[in-house]
Amino acid sequence: MAKINTQHSCPGMHRLTVRTTDEDIERIENGYIRTHSMCEDASSELQRVISVGGRHLSESQTSSFTGTGAMARLSRFVISVRSWATRHLHHEDQRPDSFLERIRGPELIEVSSRQSNIRSFLGIRERPGGVNSKKEEKKEVKEEKKEEKKEEKKEEKKEEKKDDKKDDKKKEEKKKEIFVIDPSSNIYYHWLTIIAAPVFYNWCMLVCRACFDELQFDHIKLWLFLDYGSDIIYVLDIFVRFRTGFLEQGLLVQDEKKLRDYYTKTMQFKLDVLSLLPTDLAYLKLGLNYPELRFNRLLRISRLFEFFDRTETRTNYPNMFRIGNLVLYILIIIHWNACIYFAISKLIGFGTDSWVYPNVSIPEYGRLSRKYIYSLYWSTLTLTTIGETPPPVKDEEYLFVVIDFLVGVLIFATIVGNVGSMISNMNASRAEFQAKVDSIKQYMHFRKVTKDLEARVIKWFDYLWTNKKTVDEKEVLKNLPDKLKAEIAINVHLDTLKKVRIFQDCEAGLLIELVLKLKPTVFSPGDYICKKGDIGREMYIIKEGKLAVVADDGITQFVVLSDGSYFGEISILNIKGSKSGNRRTANIRSIGYSDLFCLSKDDLMEALTEYPEAKKALEEKGRQILMKDNLIDEEAAKAGADPKDLEEKVEKLETALDVLQTRFARLLAEYTSSQQKVKQRLARVETRVKKYGSGTLSVGEAEAEKPEEEKKQ
């Protein structure tokens, strides 16, 4: 029989050796355990079986199947190969994918690597070593388990520390959420009102005190109190700035660090710091007669402008506020110019020529009130250029007057233009309304309408204007988003709509849809809202006024309807089996001027298309109302579809078909025109190919050919 040499049964593989446990442990610790190849595992298994089965035999006998006990050795070899194969295949099935190992998390990879190392170590240790080797293996396994437990405890401690850090961060974030002022809140606006007062005080009084010495000396204690009181408000305003929020991704920022960084990076922060520099410490050296040292306080002017802007958006009379604001600007400019004129006169010398302020030694011109009023009068005449003033004498006087004229022309031209536009805007609605009335008057005069009817139309327009009902709601609200439109309509009309019986238990979404479709209408005295036998296409809700249900003569009154009443709700539902159909059953006439809400049938049906269950409920309610009044034919209600409904549907289909036909005709015309253009281009290409061959044409040849073809055509 052939001999099997285990060292050469698998060529090209590693030589069979029994590895020591120390080497294996080092391999496990260093992470260099490699997967055994199929041939190497087979050779190690054969060596193990041969060593177990025939330790008492010699090396020549164990390496071959010849000699005594050959069949036994052969059978043991086959059994061991089978068991090895099953174990190896099972191990291959459980072998993890390297790609999955790569994408797993670090903790899972560590655990799985430890388990694979233990398994490989145990597999390597399945070698003949007796009882001692098994004990060593158990000890090592226990030690590894202890190490795993220690590592798990360490990981748990790390996770606990991470959780504690997260909790600390959350607590810090909660601490950072400080009190923040919303710029759109009332608190912020009230603070603007407070800070605007010292800013306006500084802009008006500092220049006046610097130019008129008597004003500074006579009330020095009052000025010191007001000055340092305004400084305190300035300091508080910086703290308010640090706590004023701003929007980031639509949310109000409440982080202290972000608010501080946002404010300190702005130009306004630098101006605020400059406005608080203690320049008035120079009082200690120069004295209290120099209020111009506090001119840096004027840098807070932005707060005054912000207050004006906020007030303009909040007031109910914006045009009046704009006009008053412009007048205030004019007065401040005149005030500053008057103070500068007096200062220049003092610098040149009082009474030295005819242009400067007269000599103050004269009692008439020595009073403080006369000094200021005279300067204010001169400033007003110069800036408005509407009066005569003494001509300048010296060069510096000429220069100052030229600058004054330029400032007056530019500033006052702008101001007068703004005032004119404001006044025209105030009368814009009246002018538009009057244009409508004039156009209708011209039409009635051209068509020779009777005087009685013309008087009724004019009275109707007068009623609309005097009661402020000329506003077109859709035109006013068109710039608002749909949600705000719905909220305004709900606030104005929802209570009125809920008074209608059939709409009392409807869904909120349907009520909102219907509220947006209500149209206000006004009827003058004696107007018929509806007549008996008319087709009902609208229902009406009385908002204001009185209506009378009258007989055919129009005089006899049966019932008077007042605010909150409604009618016509059954006719727009078009309930099957109704004895009156969708016809009006009474004459309703307006006694005086009546303000009504109108809901058309088309708008109702359009809204009900999205609410089929609500449509069924409304029809059932209307049917019950008709049954109570004995106005429904039950047999007709149980019958099929109403032919009138079918007629309406057919009409709608016909109109839709007409629209489609017109669109199709338009598309067909476009298609034919484009097809003709393509044919012309193909014809040109064919002629060029015939003329020049299949080669490409140069740009010059193509351009030269175009006029020739145009001449031929």
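Higher on the page you've got the structure.
Residues numbered from 1 in each chain as written. Predicted model: local features only at pLDDT ≥ 70, side-chain atom pairs only at ≥ 80, totals over all residues. Heavy atoms only, no water.

**A word on the overall build of the chain**
Per the secondary structure count, the chain includes 29 helices and ten strands. Out of the 713 residues in the chain, the part that is buried amounts to 29%. For the chain, the proportion of contacts with a sequence separation of at least 24, taken over those separated by at least 6, is 70%. Just so you have it, the chain exposes about 47,700 Å², and 58% of that area is on carbon and sulfur atoms. (Helix = DSSP H or I, 4+ residues; strand = E, 2+ residues; numbered from the N terminus. Buried < 20%, exposed > 50% of the residue type's maximum accessible area, 1.4 Å probe, protein only. Contact = heavy atoms within 4.5 Å. Areas by Shrake-Rupley, 256 points an atom, 1.4 Å probe, with all protein chains shown as cover.)

**Things to note about the side chain of Arg584**
As for its position among the elements, Arg584 is in the loop between helix H24 (569-573) and strand E9 (587-590). With no salt bridge to any partner, buried Arg584 finds its closest opposite charge in Glu538, at an N-O distance of 4.0 Å. Residues in contact with Arg584, not counting those within four places in the same chain, are Cys530, Lys531, Lys532, Gly533, Asp534, Gly536, Arg537, Glu538, Tyr540, Gly568 and Ser571. (Lys, Arg positive; Asp, Glu negative; His and termini not counted. Salt bridge = Lys/Arg side-chain N within 4 Å of Asp/Glu carboxyl O.)

**Describing the sheet that holds strand E3 (residues 519-523)**
What the four strands build is an open sheet, ordered E3-E10-E5-E8; its pairing is antiparallel. Each of the sheet's edge strands pairs with one partner strand only, and the pair in question is E3 and strand E8 (566-567). Here E3 pairs with strand E10 (residues 594-600) via five bridges, running antiparallel. When the bridges of E10 are listed, Phe523 appears paired with Ser594. On top of the sheet, helix H25 (residues 601-608) reaches E3 and E10; it is set at about 50° to E10, its chief contact. (Pairing = 2+ DSSP bridges. Axes fitted to C-alpha atoms, helices over the stretch in contact; angles between N-to-C directions.)

**Looking at a positive patch on the surface**
Judged by side-chain charge, Lys145, Lys146, Lys149, Lys150, Lys153, Lys154, Lys157 and Lys158 come together as a positively charged surface patch. Along the chain, Lys154 turns up in helix H7 (residues 130-176). (Patch = residues over 30% accessible without salt bridge, like charges linked within 9 Å, V, L, I, M, F, W, Y side chains within 5 Å. Charge placed at Lys NZ, Arg CZ, Asp CG, Glu CD.)

**Here we look at the packing of helix H15 (residues 318-348) against helix H17 (residues 368-384)**
At a minimum axis separation of 8 Å, H15 and H17 run at an interaxial angle of 115°. Viewed along their axes, H15 and H17 form a crossing whose handedness is right-handed. Contacts between H15 and H17 involve Ile333, Ile334, His335, Asn337, Ala338, Tyr341 and Phe342 from the former and Lys371, Tyr372, Tyr374, Ser375, Leu376, Trp378, Ser379, Thr380 and Leu383 from the latter. (Left-handed = near helix turned anticlockwise from the far one by under 90°.)

**A few points about the pattern of salt bridges**
The tally for this structure, following the rule as stated, stands at 22 salt bridges. Between Lys257 and Asp261 there is a salt bridge whose closest N-O contact spans 3.1 Å. Of this pair, Lys257 and Asp261 both sit in helix H11 (residues 256-264), four residues apart, which is roughly one turn of that helix. In this structure, Arg623 engages Glu620 in a salt bridge whose closest nitrogen and oxygen atoms are separated by 3.0 Å. Here Arg623 and its partner Glu620 are both found in helix H26 (residues 612-628), three residues apart, which amounts to about one turn of the helix. Within the structure, one salt-bridge network assembled from shared partners comprises Asp237, Arg241, Asp272, Arg300, Arg303, Glu306 and Arg310.

**Observations concerning the side chain of Ser594**
Among the structural elements, Ser594 can be located in strand E10. With residues near it in sequence (within four places) discarded, Ser594 still touches Thr521, Val522, Phe523, Glu544, Gly545, Lys546 and Leu547.

**Some remarks on the environment of Leu626**
Positionally, Leu626 belongs in helix H26. What makes Leu626 buried here is its relative accessible area of 4%. Distance in space between the C-alpha atoms of Leu626 and Lys579 is 9.0 Å, their sequence separation being 47 residues. Ignoring any residue separated from it by four or fewer positions in sequence, one finds Leu626 in contact with Ile570, Ile575, Ser578, Leu631 and Ile632.

**Focus: helix H14 (residues 301-314)**
The first and last C-alpha atoms of H14 sit 20 Å apart over 14 residues, in line with the 20 Å expected at 1.5 Å per residue. Restricting attention to buried positions, one finds in H14 the residues Arg303, Leu304, Glu306, Phe307, Phe308 and Thr311. Considering only its buried residues, H14 is in contact with helix H8 (186-211), helix H10 (220-242) and H15. (Expected span 1.5 Å × (residues − 1).)

**Focus on a negative patch on the surface**
A grouping of Glu152, Glu156, Glu159 and Glu160 is seen on the molecular surface, where their side chains present a negatively charged patch. Looking at the secondary structure, you find Glu156 in helix H7.

**Quick look at the packing of aromatic side chains**
Where two aromatic rings form a pair, the distance of their centres and the angle of their planes describe that pair. By the definition in use, this model includes 30 aromatic pairs. Between Phe342 and Tyr357, the ring centres sit 5.4 Å apart and the planes meet at 65°, which makes this aromatic pair edge-to-face. Placement of Phe342 in helix H15 and of Tyr357 in the loop between H15 and helix H16 (363-366) is noted, with a sequence separation of 15 residues between them. Taken individually, Phe342 and Tyr357 each receive the classification buried, so the pair is uniform in this respect. Measuring from ring centre to ring centre gives 5.9 Å for Trp378 and Phe400, while their planes differ by 10°; the resulting arrangement is stacked. Placement of Trp378 in helix H17 and of Phe400 in helix H18 (residues 395-426) is noted, with a sequence separation of 22 residues between them. Of the two residues, Trp378 and Phe400, both sit in the buried class. A cation sits over an aromatic face here: Arg294 above Tyr228, 5.7 Å from the ring centre. (Phe/Tyr/Trp six-rings, centres within 6.5 Å; stacked < 30°, edge-to-face > 60°. Lys NZ or Arg CZ within 6 Å of the ring centre and 35° of its normal.)

**Here we look at the packing of helix H22 (residues 482-498) against helix H23 (residues 508-517)**
Relative to each other, H22 and H23 sit at 95°, their axes nearing to 8 Å. The angle between the axes of H22 and H23 places the two elements in the roughly perpendicular class. Residues Lys485, Ala486, Ala489, Ile490, His493, Leu494, Leu497 and Lys498 of H22 touch H23, and the partners they reach there are Leu511, Ile512, Leu514, Val515 and Leu516. When its residues are assigned to classes, the contact of H22 with H23 shows ten nonpolar, one polar and two charged. (Parallel < 35°, antiparallel > 145°, perpendicular 65-115°, else oblique. Nonpolar A, V, L, I, M, F, W, Y, C, P; charged D, E, K, R; others polar.)

**A look at unusual backbone geometry**
Its identity is not glycine, yet Gln249 carries a phi of approximately 55°, on the positive side. Assessed through its relative accessible area of 81%, Gln249 is described here as exposed. At Lys448, a position not held by glycine, the phi torsion is positive, near 60°. Following the sequence through the fold, Lys448 ends up in the loop between helix H19 (428-446) and helix H20 (451-466).

**Here we look at H19**
Given a rise of 1.5 Å per residue, 19 residues ought to cover 27 Å, and the 27 Å separating the end C-alpha atoms of H19 matches this to within 8%. On its buried face, H19 sits against H20. Following H19 by one or two positions, Lys448 adopts a phi angle in the positive range, close to 60°.

**Some points on the environment of Ile570**
You can see Ile570 is positioned in helix H24. Exposure remark for Ile570: the relative accessible area of 16% places this residue in the buried category. Distance from Ile570 to Asn582, taken between C-alpha atoms, is 7.8 Å for residues twelve residues apart in sequence.

**Focus: the state of the cysteines**
By the definition in use, this model includes zero disulfides. The structure places no disulfide on Cys208, whose sulfur is separated from the nearest cysteine sulfur, that of Cys339, by 4.5 Å. Looking at Cys208, the relative accessible area reads 8%, which means it is buried. (Disulfide = S-S within 2.5 Å.)

**Quick notes on a nonpolar patch on the surface**
Among the surface-exposed residues, Ile232, Val235, Leu236 and Phe239 lie close enough to one another that they form a single nonpolar patch of about 380 Å² accessible area. Among the secondary structure elements, Ile232 is positioned in helix H10.

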